[in-house]
Amino acid sequence: DVQLQASGGGLVQARGSLRLSCAASGLNFDDYAITWFRQVPGKEREAVSCLSNTDGSTYSADFVKGRFTTSKGAAKNTMYLQMNSLKPEDTAIYYCAAILGYCSPYPLAYEYQHWGKGTLVTVSS
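These notes cover the structure that comes with them. (Residues numbered from 1 in each chain as written. Predicted model: local features only at pLDDT ≥ 70, side-chain atom pairs only at ≥ 80, totals over all residues. Heavy atoms only, no water.)

### Digging into the environment of Leu-108
Stage number 1. Structurally, Leu-108 is set in the loop between β9 (92-100) and β10 (114-115).
Stage number 2. When its relative accessible area of 34% is taken as the criterion, Leu-108 is described as partly exposed.
Stage number 3. Separated by 44 residues in the primary sequence, Leu-108 and Val-64 place their C-alpha atoms 17 Å from one another. (Helix = DSSP H or I, 4+ residues; strand = E, 2+ residues; numbered from the N terminus. Buried < 20%, exposed > 50% of the residue type's maximum accessible area, 1.4 Å probe, protein only.)

This is the structure we're talking about:
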């Protein structure tokens, strides 16, 4: 059974930081790219950041470049999303998702095979 679990969300002040974690099980982690998506009500789910465990390829959305970084965690089958310089418009439910292979230059949510429940990030002014 493939399971992904995002955690680490919460309330943070603007310009603050949070680190989200994605824990994966039931898959060969080294064969997958892990992508963080986010979504707010009434809007499309959008890709945030990706790191592939197969070829090291990456993706970062323009709106998070220089602020968010995805990296492997110390724990086995874990991926982090380090979020710095947070803005109120970053408020969303954040999801981690897995796809075989590499990070697409334009990740599309419908292409992803495995999803976890999201974690809510709220950034206050």
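### A word on the side chain of Ser-52
Stage number 1. Looking at the secondary structure, you find Ser-52 in strand β5 (residues 46-52).
Stage number 2. At 2.6 Å, the side chain of Ser-52 forms a polar contact with the backbone oxygen of Gly-101.
Stage number 3. Each residue touching Ser-52, except ones within four places of it in the same chain, is listed here: Tyr-32, Ala-33, Ser-57, Gly-101, Tyr-102 and Cys-103. (Polar contact = N/O pair within 3.5 Å; in protein donor to acceptor, adjacent residues only side chain to side chain. Contact = heavy atoms within 4.5 Å.)

### Notes on the pattern of salt bridges
Stage number 1. Counted by the stated rule, this structure contains three salt bridges.
Stage number 2. Across the pair Arg-38 and Asp-90 runs a salt bridge whose closest N-O atoms are separated by 2.9 Å. You can see Arg-38 sitting in strand β4 (residues 32-39) and its partner Asp-90 sitting in the loop between β8 (78-83) and β9, a full 52 residues away along the chain.
Stage number 3. The class of Arg-38 is buried, set by a relative accessible area of 6%.
Stage number 4. Measuring nitrogen to oxygen at the nearest pair gives 2.7 Å for the salt bridge that ties Arg-67 to Asp-90. With a gap of 23 residues between them, Arg-67 in the loop between β6 (58-60) and β7 (68-72) and Asp-90 in the loop between β8 and β9 connect regions that are remote in the sequence. Neither Arg-67 nor Asp-90 differs from the other in exposure class; each is buried.
Stage number 5. Connected through salt bridges with shared partners, the residues Arg-38, Glu-46, Arg-67 and Asp-90 form a single ionic network. (Salt bridge = Lys/Arg side-chain N within 4 Å of Asp/Glu carboxyl O.)

### What about the packing of aromatic side chains?
Stage number 1. One pass over the full model with this rule turns up four aromatic pairs.
Stage number 2. Linked through ring pairs, Phe-37, Tyr-95, Tyr-112 and Trp-115 together constitute an aromatic cluster.
Stage number 3. Sitting over the face of the ring of Tyr-80, Arg-19 holds its NZ or CZ atom 3.9 Å from the ring centroid.
Stage number 4. One Lys or Arg, Arg-45, reaches over the ring of Trp-115 and ends 4.7 Å from the middle of that ring. (Phe/Tyr/Trp six-rings, centres within 6.5 Å; stacked < 30°, edge-to-face > 60°. Lys NZ or Arg CZ within 6 Å of the ring centre and 35° of its normal.)

### Quick word on unusual backbone geometry
Stage number 1. Of note in the backbone geometry, Asn-77 takes a positive phi value of approximately 60° without being a glycine.
Stage number 2. Position of Asn-77 among the secondary structure elements: in the loop between β7 and β8.
Stage number 3. You will see that Ser-85, though not glycine, has its phi angle at about 50°, which is positive.
Stage number 4. Relative to the elements of secondary structure, Ser-85 occurs in the loop between β8 and β9.

### Quick look at the state of the cysteines
Stage number 1. Under the defined criterion, the tally for this structure stands at two disulfides.
Stage number 2. Shown here is the disulfide that connects Cys-22 with Cys-96, its sulfur atoms set 2.2 Å apart. For the disulfide bridge between Cys-22 and Cys-96, the dihedral angle about the S-S bond is near 75°, and by the sign convention the bridge is right-handed. With Cys-22 in strand β3 (residues 18-25) and Cys-96 in strand β9, the pair connects residues that are 74 residues apart, well separated along the chain. The pair formed by Cys-22 and Cys-96 is uniform in burial state, with each residue classed as buried.
Stage number 3. One disulfide in the model links Cys-50 with Cys-103; its S-S distance is 2.0 Å. (Disulfide = S-S within 2.5 Å.)

It is worth stressing that arrangement in space is one thing and function is another; only the former is reported here.
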